[in-house]
Amino acid sequence: MLCGGVSMSWSDALTICGLFAVQCIFGLYMMFLDGLLAAGVPSLFIIVVACAASSAVVLPFAFALERKKWPKVWSPMLLLQLVIISLGGVSIYQVFMMLGVERTSPAIASAMPNLGPAFIFVIAACLRFEMFNWKCKYTRAKILGTLVCLSGAMCVSFLKNPTPSVSPKSVPGDEGLSIGKSRKDWILGCFYLLTGVTIFACNTVMQAAALKRFPAPLSVCSITAMMGSIFSAVIQVLMEGKLTAGTSDNIIRIVGEIVLVGGVVIGLCTTFQVSSIGRKGPVLVSMFSPFQTVFSSFISLIFFGQWIGLGCCIGIVLMFVGLYVVLWAKNREDKMFAELTVPSETECDIERPLLH
């Protein structure tokens with residue numbers, strides 16, 4: 001299959017389309033979370049129910065399709081990796097993201113992960129999960145594409161600014177205090193989101209490492225989701241003294257929504273993402289995260305009438321250009337590895353040590 005000068009198989013094309021769809025679903029999920037948090041449902045309770053439901057949905061498929069891939073002896077390193085992914089990437093990451101959503105907005109929460117590809121590229125290159133050789137033109141192309149995509153994402157993100165609202169009943173003396181408190185919450189929320197993105201970047205590379213030892217993405221997702229649910233329940237009990245939904249109104253409906261949306265839908269999306277990381281590497285998969293912001297912008301236009309300005313349109317174009325460059329570079333690298341050809345002087349020697 002030939003797409004815009006980038007030759008790819010049908011499986012690659014389906015993976016790319018699937019990653020686009022996953023980011024659109026994640027954008028809708030942010031709005032769903034904002035509604036639950038506004039209703040007073042604790043973020044930790046959402047994580048507990050969603051992760052448990054996700055694990056229960058994925059486990060039968062993991063057992064049926066990947067049982068032969070399960071290791072006979074579970075090494076301490078593999079167990080440690082699964083624990084870190086569960087505690088960091090499932091529990092702590094989502095806690096920071098939800099704390100950020102509470103203090104900022106779903107739009108900012110969708111925009112902040114745009115920093116992830118740059119973080120992941122640096123971490124993956126340092127740990128040799130991503131080819132990095134400055135003399136290689138494909139490495140330079142990946143760096144350029146990542147920077148272009150990141151620049152476009154920031155163009156889109158910076159159009160969204162906090163607009164602290166002041167109640168008309170507020171007295172003049174309280175107005176400055178209210179705005180000051182709102183700004184402090186906004187800054188704190190952005191800090192939470194940035195911390196969450198850093199944890200997410202480390203966790204994504206850790207997933208790639210775990211899949212090297214345990215090449216069963218469905219099983220990894222099911223195990224880490226269940227462990228993450230348990231860790232989150234323990235954290236809520238330690239922090240609040242009990243595991244609670246935070247509200248006595250429509251608990252059954254709230255739990256049902258979390259199970260359906262956060263468990264089934266997001267669980268399947270996360271599983272697809274993890275399997276893509278195992279096939280294509282953490283950097284390429286992370287390059288699609290900025291398109292969650294693009295989708296959120298179009299949703300805001302359609303349902304809330306928030307017009308997409310010229311700067312936002314330029315940012316979207318830059319994101320697609322950057323992604324295309326990365327896809328082209330990754331595709332060329334994959335061909336070189338698959339064909340085992342001797343590269344010309346204009347290309348790079350993939351057999352040469354990355355560090356001299």
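- Going by the annotation in an unreviewed UniProt entry, the name recorded for the chain is WAT1-related protein, with Urochloa decumbens given as the source organism.
- Regarding the chain, the UniProt comment filed under Sequence similarities (unreviewed entry) reads as follows: "Belongs to the drug/metabolite transporter (DMT) superfamily. Plant drug/metabolite exporter (P-DME) (TC 2.A.7.4) family."
- Within the UniProt record for the chain, the comment given under Subcellular location (unreviewed entry) is "Membrane".

**Focus: the overall build of the chain**
So, step 1. On a plain count of helices and strands, the chain comes out with twelve helices and two strands.
So, step 2. The linear arrangement of helices and strands in the chain, starting from the amino end, is β-β-α-α-α-α-α-α-α-α-α-α-α-α.
So, step 3. By residue count, 47% of the 356 residues in the chain fall in the buried class.
So, step 4. Within the chain, contacts between residues separated by at least 24 positions form 85% of all contacts whose residues are at least 6 apart in sequence.
So, step 5. For the chain, the accessible surface area stands at approximately 17900 Å², while carbon and sulfur atoms represent 70% of it.

**So, the confidence of the model for the chain**
So, step 1. Here the chain averages 75 in pLDDT, while 77% of its residues score no lower than 70.
So, step 2. Confidence over residues 161–179 falls short of pLDDT 50; this stretch has seven contacts with residues more than four positions distant or in other chains.
So, step 3. Per-residue pLDDT stays below 50 along residues 349–356; that stretch engages in eleven contacts with residues further than four places along the chain or on separate chains.

**Quick look at helix 8 (residues 217–240)**
So, step 1. Between its first and last C-alpha atoms helix 8 spans 34 Å; for 24 residues at 1.5 Å apiece the expected length is 34 Å, and the two agree.
So, step 2. Backbone geometry just downstream of helix 8 places Gly 241 in the positive-phi region, at approximately 85 degrees.

**Thoughts on the packing of helix 1 (residues 10–38) against helix 9 (residues 251–280)**
So, step 1. Closest axis-to-axis distance for the helix 1/helix 9 pair is 10 Å, and the angle between their directions is 150 degrees. In terms of orientation, helix 1 and helix 9 fall into the roughly antiparallel class. Relative to helix 9, the crossing made by helix 1 is left-handed.
So, step 2. In terms of residue class, the contact of helix 1 with helix 9 is built from 15 nonpolar, seven polar and four charged.

**Quick look at the side chain of Thr 224**
So, step 1. With respect to the element layout, Thr 224 can be found in helix 8.
So, step 2. Thr 224 gets classed as buried once you look at its relative accessible area, which sits at 6%.
So, step 3. Separated by 3.3 Å, the side chain of Thr 224 and the backbone oxygen of Cys 221 make a polar contact.
So, step 4. Setting aside anything within four residues of it in sequence, one finds Thr 224 in contact with Leu 82, Ile 85, Ser 86 and Val 90.

**Looking at the nonpolar core**
So, step 1. Tyr 29, Leu 36, Ile 46 and Ile 258 are the most contacted members of the largest nonpolar core, which has 33 residues in total.
So, step 2. Contacts of Leu 36, omitting those with residues within four sequence positions, involve Val 41, Ile 46, Ile 254, Glu 257 and Ile 258.
So, step 3. If you look at the next biggest cluster of nonpolar residues, it comprises 16 residues, including Cys 149, Leu 284, Phe 288 and Leu 327.

**Concerning the side chain of Gln 81**
So, step 1. With respect to the element layout, Gln 81 can be found in helix 3 (residues 76–103).
So, step 2. For Gln 81, the contacting residues outside a window of four places in its chain are Met 206, Ala 209, Ala 210 and Arg 213.

**A closer look at the packing of aromatic side chains**
So, step 1. One pass over the full model with this rule turns up six aromatic pairs.
So, step 2. With centroids separated by 6.0 Å and ring planes inclined at 25 degrees, the aromatic side chains of Tyr 29 and Phe 32 adopt a geometry described as stacked. One end of the pair, Tyr 29, and the other, Phe 32, are both in helix 1, three residues apart, so they sit about a helical turn from each other.
So, step 3. With relative accessibility at 9%, the residue Tyr 29 sits in the buried group.
So, step 4. An aromatic cluster is defined as three or more aromatic residues linked by ring pairs; in this entry it consists of Phe 96, Phe 191 and Tyr 192.

**Here we look at the pattern of salt bridges**
So, step 1. Per the stated rule, a full pass over the model turns up one salt bridge.
So, step 2. The shortest N-O distance in the salt bridge between Glu 257 and Arg 253 comes to 2.8 Å. Pair noted here: Glu 257 and Arg 253 are both in helix 9, with a separation of four residues, about one helical turn.
So, step 3. The exposure class of Arg 253 is partly exposed, given its relative accessible area of 44%.

**Topic: the packing of helix 1 against helix 3**
So, step 1. At a minimum axis distance of 10 Å, the contact between helix 1 and helix 3 shows a crossing angle of 70 degrees. The orientation of helix 1 relative to helix 3 falls into the category roughly perpendicular. Residues Met 30, Leu 33, Asp 34 and Leu 37 of helix 1 form the contact with helix 3, whose own contacting residues are Met 97, Met 98, Val 101 and Glu 102.
So, step 2. Taken together, the residues that form the contact of helix 1 with helix 3 break down as six nonpolar, no polar and two charged.

**Things to note about the environment of Ile 47**
So, step 1. Looking at the element boundaries, Ile 47 is found in helix 2 (residues 43–66).
So, step 2. Among all residues touching Ile 47, those that are not within four sequence positions of it are Val 90, Ser 91, Gln 94, Val 95, Met 98 and Ser 232.

Calculation rules
- Residues numbered from 1 in each chain as written.
- Predicted model: local features only at pLDDT ≥ 70, side-chain atom pairs only at ≥ 80, totals over all residues.
- Heavy atoms only, no water.
- UniProt positions renumbered as here; feature names shortened; annotations may be inferred.
- Helix = DSSP H or I, 4+ residues; strand = E, 2+ residues; numbered from the N terminus.
- Buried < 20%, exposed > 50% of the residue type's maximum accessible area, 1.4 Å probe, protein only.
- Contact = heavy atoms within 4.5 Å.
- Areas by Shrake-Rupley, 256 points an atom, 1.4 Å probe, with all protein chains shown as cover.
- pLDDT = per-residue confidence, 0-100.
- Expected span 1.5 Å × (residues − 1).
- Axes fitted to C-alpha atoms, helices over the stretch in contact; angles between N-to-C directions.
- Parallel < 35°, antiparallel > 145°, perpendicular 65-115°, else oblique.
- Left-handed = near helix turned anticlockwise from the far one by under 90°.
- Nonpolar A, V, L, I, M, F, W, Y, C, P; charged D, E, K, R; others polar.
- Polar contact = N/O pair within 3.5 Å; in protein donor to acceptor, adjacent residues only side chain to side chain.
- Core = buried A, V, L, I, M, F, W, Y, C linked by side-chain atoms within 4.5 Å.
- Phe/Tyr/Trp six-rings, centres within 6.5 Å; stacked < 30°, edge-to-face > 60°.
- Salt bridge = Lys/Arg side-chain N within 4 Å of Asp/Glu carboxyl O.

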